[in-house]
Amino acid sequence: MENSLTQGNLLKAMVRFSVPYLIACFLQTFYGMADLFITGRFNGAAQVTAVSIGSQMMHMFTVIIVGLAMGTTVSISHAIGAGDRKRASSAIGNSITVFAVVTVIGTVLLLLNISGLLSLLKTPVEADEAARQYLFVCFLGIPFIAAYNVISSIFRGLGDTRSPMIFVGIAGVFNVGLDYLLIGVFSLGAAGAAIATVASQGISVIMALLFARKMKNGVKLSLSDLVPQASITKNLLSIGVPIACQDGLIQISFLVITMIANMRGLAIATSVGIVEKIISFLFLVPSAMLSTVSAIAAQNAGAGYHDRGQKTLRYGITLCVGFGILVSILCQFISPQILSLFVKGEPQVVHFGAQYLRAYSMDCIFAGIHFCFSGYFSAYEKSMYSFAHNVISILVVRIPIAYLASIYFPENLFPMGMAAPLGSFLSALICLGLYLNLKKKI
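These figures come from a predicted structure and were not determined experimentally. (Residues numbered from 1 in each chain as written. Predicted model: local features only at pLDDT ≥ 70, side-chain atom pairs only at ≥ 80, totals over all residues. Heavy atoms only, no water.)

Thoughts on the overall build of the protein
So the rule is basically this: Going along the chain from the N terminus, every DSSP run of H or I of four or more residues is numbered as a helix, and every run of E of two or more is numbered as a strand. Only C-alpha atoms enter the radius of gyration; for comparison, a globular chain is expected to reach 2.2 Å times N to the power 0.38, where N is the number of residues. Throughout this description, buried means an accessible area under 20% of the type-specific maximum (1.4 Å probe, protein chains only), exposed means over 50%, and partly exposed covers the range between. We call two residues in contact when some of their heavy atoms are within 4.5 Å. All accessibility values rest on the Shrake-Rupley procedure with a 1.4 Å probe; residue burial counts only the protein chains present in the view. For the purpose of charge, His is not counted, nor are the chain termini; Lys and Arg are scored as positive and Asp and Glu as negative. Think of each charge as sitting on NZ of Lys, CZ of Arg, CG of Asp or CD of Glu.
Counting secondary structure elements, the protein contains 17 helices and 0 strands. Computed over C-alpha atoms, the radius of gyration of the protein comes to 21 Å, within 12% of the 22 Å expected from 2.2 N^0.38 for 442 residues, which places it in the range of a compact globule. Taking the principal axes of the C-alpha coordinates as reference, the protein spans close to 60 × 45 × 35 Å. Taken across its 442 residues, the protein has 59% of its residues classed as buried. Long-range contacts, defined as pairs at least 24 residues apart, comprise 85% of the intrachain contacts of the protein with a sequence gap of at least 6. About 17,200 Å² of surface is accessible on the protein, with carbon and sulfur atoms providing 71% of the total. In the protein, which carries 27 positive and 16 negative side-chain charges, the distance between the mean positions of the two groups comes to 11 Å.

Written out as structure tokens, the structure is:
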């Protein structure tokens, strides 16, 4: 299915694109949330910590793949906007080849370095073995995770976010059922959560492939499209690699903060792990808007409708800021209740987690701004802008403030939680300056 994003009511086009994508992202994140929730219902803090650390590692790999796949989405969108179906086919074929290579290399490297990763993260000894089992199973399932996200990026480039939503929705039902069976009935703990996640991702990939064979959109893939073409591959990587590096660095900063938290004991490690999961859920709206702005602005850039792309950016920022303010206000009042959903009989975890969430939730406001800018920059093949502002934010604000807060406020996680929103605020200011400069050149 192909949807033109260059004509008609812009706000309706954004809703039509973003809502199915948001639901699909929610369902995909629901895998990890369900793993954490159900593990907490049947196990103690050690198993919960193992799942939170393991799933955070997997989330890092997933966002890197999604970032790299942004090159696929933008390249296809440009071709569709310009009416060049042949170039769209070449972009799809080259993407498949590139990601096949990346997936094989990534899987082998990660499987060989599980112990080193857990040691680097200062994983509490109580959770080490369970985290090791979780990562081993999930790393084996990386081909499924990569395949689903690449296929989804192709659909998004064609303007279709509804189909991936259906695939991941069905897989989500399987995930919850398998979680209760493997964790609750068979008492497999973290390993059971990992098996459920990988099996569910495999189901979503199979459905996506079956559907893709029946698509009728004027884009026909041939074997010759799988052969790397220098110009196509270079374009894919020039857009996707900076975004992947940006997302990877953000996740590394999260892992560094997790490491700092893990050094402060099991209760704080567990509370930070749970809040990171909650934040990844809340960030689905900014993430959906990033992809929406990127795809719509890219199609319009390909068609030469630059004013429409700029208007898309403004709408995206407005929606994200409104959502962020609402979330931040709610978290000031109901953070303990939210944390209590994930643990029972752990008052310290709820106490520290509520402090951390109250501060961290403010990041939803400012992150939404620079997410939208990043989507816009990607549409104009300026992914290095996004990479630059995130590196500055991480090195100047996020990690230093988190570290200093852990030293000067050892009994309160609120100051450490402020590292993220302050970092995003700096990113938003840098993005505004870069946008005004880019606007002059378009």
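Read on for the rest.
Considerations on helix 15 (residues 383–408)
We apply this condition: Between the first and last residue of a helix there are one fewer steps than residues, each counted as 1.5 Å, and that sum is the expected span. Values of bend correspond, residue by residue, to the angle between axes fitted over the seven residues ending at that residue and the seven starting there.
Here helix 15 contains 26 residues, and its C-alpha end-to-end distance of 37 Å stays within 8% of the 38 Å for a straight helix at 1.5 Å per residue. If you look at helix 15, its biggest bend is around 45°, right at Ile 394. Considered for burial, the residues of helix 15 that qualify are Ser 383, Tyr 385, Ser 386, His 389, Asn 390, Ser 393, Ile 394, Val 397, Arg 398, Ala 402, Ala 405 and Ser 406. Of the surrounding elements, those touching the buried residues of helix 15 are helix 9 (230–262), helix 14 (363–379), helix 16 (414–417) and helix 17 (419–441).

Quick word on the packing of aromatic side chains
Test applied: When the centres of two rings from Phe, Tyr and Trp lie within 6.5 Å, Trp using its six-membered ring, the rings pair. Their planes under 30 degrees apart give stacked, over 60 give edge-to-face, and anything left gives tilted.
If you walk through the whole model with that rule in mind, you get 10 aromatic pairs. Residues Phe 155 and Phe 167 carry aromatic rings whose centres are separated by 5.9 Å and whose planes lie at 55° to one another, so their mutual orientation is tilted. Of this pair, Phe 155 sits in helix 6 (residues 142–157) while Phe 167 is found in helix 7 (residues 162–185), placing the two residues 12 residues apart along the sequence. We note that Phe 155, like Phe 167, is buried.

Spatial relationships are all this shows, so hold off on functional conclusions.
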